[in-house]
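This is what each chain is made of:
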Amino acid sequence: MIVTTDIADILYRDCKCFGIKIVPFGKTLTGELPDERITIYVKGQTPEKYWEKCFVEVNLCVPDLTDSTACNVVDTVANFIRLRELERKAKDDFRSVTGRYKNTTYHYEVHTISIEADTALKCHFVNCRLLFNVLNTI
């Protein structure tokens, strides 16, 4: 049996290949983002006949760049070069992953992927919405 905290552990392990700090499960980012971070949010599991399904949000956060204009106004802009690199890697790494955890088979893949903004954190992020399936062996 795999529960939501196990799913978070599996994805923390799988996200280490990005080389970015991962925010601990249950923690929330606040204030301006100082450097790149990964957040993982596991939604509730829905049991079905053969699989328990849930959606997981994996966010690859990249701080915005500062841009000084001629009027001495400091603004921020997205670092689209880095966001593109992370989006490509996420799309490839999360394409179709199958494994076993505590003798239970799981499979996950990208359901949707997009780039979004968070003005409070002054960052943009690659939002990977993963469909995570656990073989229902109970």
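First, a word on what this report is: a plain description of the structure on this page. Quick caveat, the model's predicted, so the values are computed rather than measured.

Focus: the pairing of strand E9 (residues 123-135)
Each regular strand shows side chains that alternate between the opposite faces of the sheet.
Then, number 1: Counted residue by residue, E9 has eleven buried out of 13 residues, so it is predominantly covered.
Then, number 2: Pairing analysis gives 13 bridges linking strand E4 (residues 51-63) to E9, with the strands arranged antiparallel. Paired with Val-56 across the bridge in E9 is Leu-130.
Then, number 3: Looking at chain direction, strand E8 (residues 104-118) and E9 are connected through twelve bridges and run antiparallel. From the neighbouring strand, Ser-114 faces E9, where its bridge partner is Asn-127.
Then, number 4: Linking E8 back to E9 in an antiparallel pair, the connection comprises four residues, with Lys-122 at a positive phi of about 55 degrees.

Brief notes about the nonpolar core
Most often, soluble globular proteins have nonpolar side chains that are buried together.
Then, number 1: In this structure, Val-56, Val-58 and Phe-132 are the most contacted members of the largest nonpolar core, which totals 31 residues.
Then, number 2: Secondary structure elements with two or more residues in this core: helix H1 (4-15), strand E2 (37-42), E4, helix H2 (80-93), strand E7 (97-101), E8 and E9.
Then, number 3: Of all the elements, H1 adds the most residues to this core, at six residues.
Then, number 4: What Val-58 contacts, discounting residues up to four positions off in sequence, is Leu-11, Cys-15, Ile-38, Thr-39, Ile-40, Phe-94, Val-126, Asn-127, Cys-128 and Leu-130.
Then, number 5: Ranked by size, the runner-up nonpolar core spans five residues in total, among them Leu-33, Cys-61, Cys-123 and Phe-125.

Overview of the environment of Lys-16
Then, number 1: Within the secondary structure layout, Lys-16 lies in the loop between H1 and strand E1 (21-22).
Then, number 2: For the pair Lys-16 and Glu-52, spaced 36 residues apart in the sequence, the C-alpha separation amounts to 25 Å.

Focus on the pattern of salt bridges
Then, number 1: What the rule picks out here adds up to nine salt bridges.
Then, number 2: For the salt bridge of Arg-82 with Glu-85, the shortest nitrogen-to-oxygen distance reads 3.0 Å. Of the two residues, Arg-82 and Glu-85 both sit in helix H2, three residues apart, roughly one turn of that helix.
Then, number 3: Classification of Glu-85 by relative accessible area gives partly exposed; the value is 44%.

As for the side chain of Glu-52
Then, number 1: As for its position among the elements, Glu-52 is in strand E4.
Then, number 2: An unpaired buried charge is present at Glu-52: no salt bridge exists, and Lys-53, the closest side chain of opposite charge, is 12 Å distant.
Then, number 3: A distance of 3.4 Å separates a polar atom in the side chain of Glu-52 from a polar atom in the side chain of Gln-45.
Then, number 4: Contact partners of Glu-52, with chain neighbours within four places excluded, come to Ile-2, Gln-45, Thr-46, Pro-47, Phe-132, Asn-133, Val-134 and Asn-136.

Parameters at a glance
Residues numbered from 1 in each chain as written. Predicted model: local features only at pLDDT ≥ 70, side-chain atom pairs only at ≥ 80, totals over all residues. Heavy atoms only, no water. Buried < 20%, exposed > 50% of the residue type's maximum accessible area, 1.4 Å probe, protein only. Helix = DSSP H or I, 4+ residues; strand = E, 2+ residues; numbered from the N terminus. Pairing = 2+ DSSP bridges. Core = buried A, V, L, I, M, F, W, Y, C linked by side-chain atoms within 4.5 Å. Contact = heavy atoms within 4.5 Å. Salt bridge = Lys/Arg side-chain N within 4 Å of Asp/Glu carboxyl O. Lys, Arg positive; Asp, Glu negative; His and termini not counted. Polar contact = N/O pair within 3.5 Å; in protein donor to acceptor, adjacent residues only side chain to side chain.

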